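In case you want the letters, here they are:
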Amino acid sequence: MLWIIFMLLLFISSMEMLTQNRWKKQASAGLLENCTGCVLCSEDNGCITCHHRLFLLIWRDGIRQYGMCVHTCPPGYFGVRGLEVNRCTKCRSPSCESCFSRDFCMKCKDKFYLHKGQCFRQCPPNTAVQPGTRECQEMCEPGPWSKWSACTHEGRTCGCKWGVETRVREVPGTAQEEGAACPALLETRKCRMRKHCPGEKTEPKNKGKKRQKKPKTEPHTGT
């Protein structure tokens, strides 16, 4: 009877060991998939430290935290290299797709516009959407036009038939600093010049032409 009980306990113990070994194999296989590029990995939390060229990406699922080693950080994160570990840090704004630092966005998600590192539903006042992008740019409002300049041609104000005159207008310094796209700040137009400069001797129109002598007429004598 004791022998039967002993054999039964031995059978139960071997089944438990077999079950544990099978679970360990499954856990090791899953751990190997989740620990690619890891230097130190946890069965419950994934990667803890990565190889020096990789970034450690950590995300939460409820109260649990998981780690993964990646070559590049996913959208909504930016990479920060450190002495011990390189981390993927999440952008502060949920509307930011790519950021340079936690508070400076470089690209916004769809339906958002970028202006000075921030994402907006609409461009702020005094800004407009830059064509072909989802970025807001400062609007440029130039000042009044200046008077037309003197009519000149290659630096001369006389001696030619036609010349060009110009006028300009300026923009506020803030718009120039922001790199705003401004309308035309210079205009030119064709103008008539004084053909002869003051003090310049003019040649007579008939100079160089030989004066034609009138034919002599002989007096008519009657017969």
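Everything numeric in this text was worked out from a predicted model, so none of it was measured.

Visitor: Please clarify how a nonpolar patch on the surface should be interpreted in this entry.
Guide: Together, Val 39, Leu 40 and Ile 48 make up a nonpolar patch on the protein surface, roughly 260 Å² of accessible area in all. With respect to the helices and strands, the residue Val 39 is situated in strand S1 (residues 38-42). Val 39 sits in the exposed class, given a relative accessible area of 55%.

Visitor: Looking at this structure, I do not really get unusual backbone geometry. What am I missing?
Guide: Working note: non-glycine residues mostly have negative phi, and peptide bonds are mostly trans. Of note in the backbone geometry, Lys 111 takes a positive phi value of approximately 75° without being a glycine. Mapped onto the secondary structure, Lys 111 falls in the loop between strand S8 (104-108) and strand S9 (113-115).

Visitor: What exactly am I supposed to notice about the environment of Gln 118 here?
Guide: Mapped onto the elements, Gln 118 comes out in strand S10 (residues 118-120). Separated by 22 residues in the primary sequence, Gln 118 and Cys 96 place their C-alpha atoms 8.0 Å from one another. Setting aside anything within four residues of it in sequence, one finds Gln 118 in contact with Asp 103, Cys 108 and Tyr 113.

Visitor: Would you mind going over the packing of aromatic side chains with me for this structure?
Guide: Any pair of aromatic rings gets described here by the distance separating the centres and the angle formed by the planes. Across all of its chains, the model carries one aromatic pair by this definition. Between Trp 59 and Tyr 66, the ring centres sit 5.8 Å apart and the planes meet at 25°, which makes this aromatic pair stacked. Overall, Trp 59 belongs to the partly exposed group, its relative accessible area being 33%. Positioned over the ring face of Tyr 113 is Arg 134, at 4.4 Å from the centre of the ring. The ring centre of Trp 162 lies 4.5 Å from the NZ or CZ of Lys 190, which sits over that ring.

Visitor: Where do I start with the nonpolar core in this structure?
Guide: As a rule of thumb, soluble globular proteins bury nonpolar side chains together. Membership of the largest hydrophobic core is limited to nine residues, which are Phe 78, Cys 91, Cys 96, Cys 99, Cys 105, Cys 108, Phe 112, Leu 114 and Cys 119. If you list the elements that add at least two residues to this core, you get strand S7 (96-101) and S8. Those residues in contact with Phe 112 that lie beyond four places of it in its chain are Ser 95, Cys 119, Phe 120, Arg 121 and Arg 134. Of all hydrophobic cores here, the second largest spans seven residues; its members include Cys 35, Leu 54, Leu 56 and Cys 69.

Visitor: What exactly am I supposed to notice about a positive patch on the surface here?
Guide: A cluster of basic residues, Lys 161, Lys 190, Arg 192 and Lys 195, forms a positive patch on the protein surface. Mapping Lys 161 onto the fold places it in the loop between strand S12 (136-138) and strand S13 (162-168).

Visitor: Any chance you could explain the state of the cysteines here in plain terms?
Guide: Note on terminology: a disulfide is the covalent bond linking the sulfur atoms of two cysteines. As enumerated under the stated definition, the model contains nine disulfides in all. Between Cys 50 and Cys 69 runs a disulfide, and the two sulfur atoms are separated by 2.0 Å. Because the sign of the S-S torsion sets the handedness, a value of about -90° for the bond joining Cys 50 and Cys 69 places this disulfide among the left-handed ones. Highlighted residues: Cys 50 in strand S2 (residues 46-50) and Cys 69 in strand S4 (residues 64-70), separated in sequence by 19 residues. Each member of the pair, Cys 50 as well as Cys 69, is classed as buried. A disulfide bridge connects Cys 96 with Cys 105, and the sulfur atoms are separated by 2.1 Å. Measuring the twist about the S-S bond at about 100°, one finds the Cys 96-Cys 105 disulfide to be right-handed. By relative accessible area, Cys 96 is classed as buried at 2%. Unpaired in terms of disulfides, Cys 160 finds its nearest cysteine sulfur in Cys 197, a separation of 8.0 Å. What makes Cys 160 buried here is its relative accessible area of 18%.

Visitor: Can you help me understand the pairing of strand S6 (residues 87-90) in this one?
Guide: Within a regular strand, side chains alternate between the sheet's two faces. Of the pairings in the sheet, the one linking strand S5 (residues 77-80) to S6 comprises four bridges and is antiparallel in character. Looking at S6, one finds that Phe 78 is bridged to Thr 89. The antiparallel pairing of S5 with S6 creates a hairpin that spans six residues between the two strands.

Conventions adopted
Residues numbered from 1 in each chain as written. Predicted model: local features only at pLDDT ≥ 70, side-chain atom pairs only at ≥ 80, totals over all residues. Heavy atoms only, no water. Patch = residues over 30% accessible without salt bridge, like charges linked within 9 Å, V, L, I, M, F, W, Y side chains within 5 Å. Areas by Shrake-Rupley, 256 points an atom, 1.4 Å probe, with all protein chains shown as cover. Salt bridge = Lys/Arg side-chain N within 4 Å of Asp/Glu carboxyl O. Helix = DSSP H or I, 4+ residues; strand = E, 2+ residues; numbered from the N terminus. Buried < 20%, exposed > 50% of the residue type's maximum accessible area, 1.4 Å probe, protein only. Contact = heavy atoms within 4.5 Å. Phe/Tyr/Trp six-rings, centres within 6.5 Å; stacked < 30°, edge-to-face > 60°. Lys NZ or Arg CZ within 6 Å of the ring centre and 35° of its normal. Core = buried A, V, L, I, M, F, W, Y, C linked by side-chain atoms within 4.5 Å. Lys, Arg positive; Asp, Glu negative; His and termini not counted. Charge placed at Lys NZ, Arg CZ, Asp CG, Glu CD. Disulfide = S-S within 2.5 Å. Pairing = 2+ DSSP bridges.

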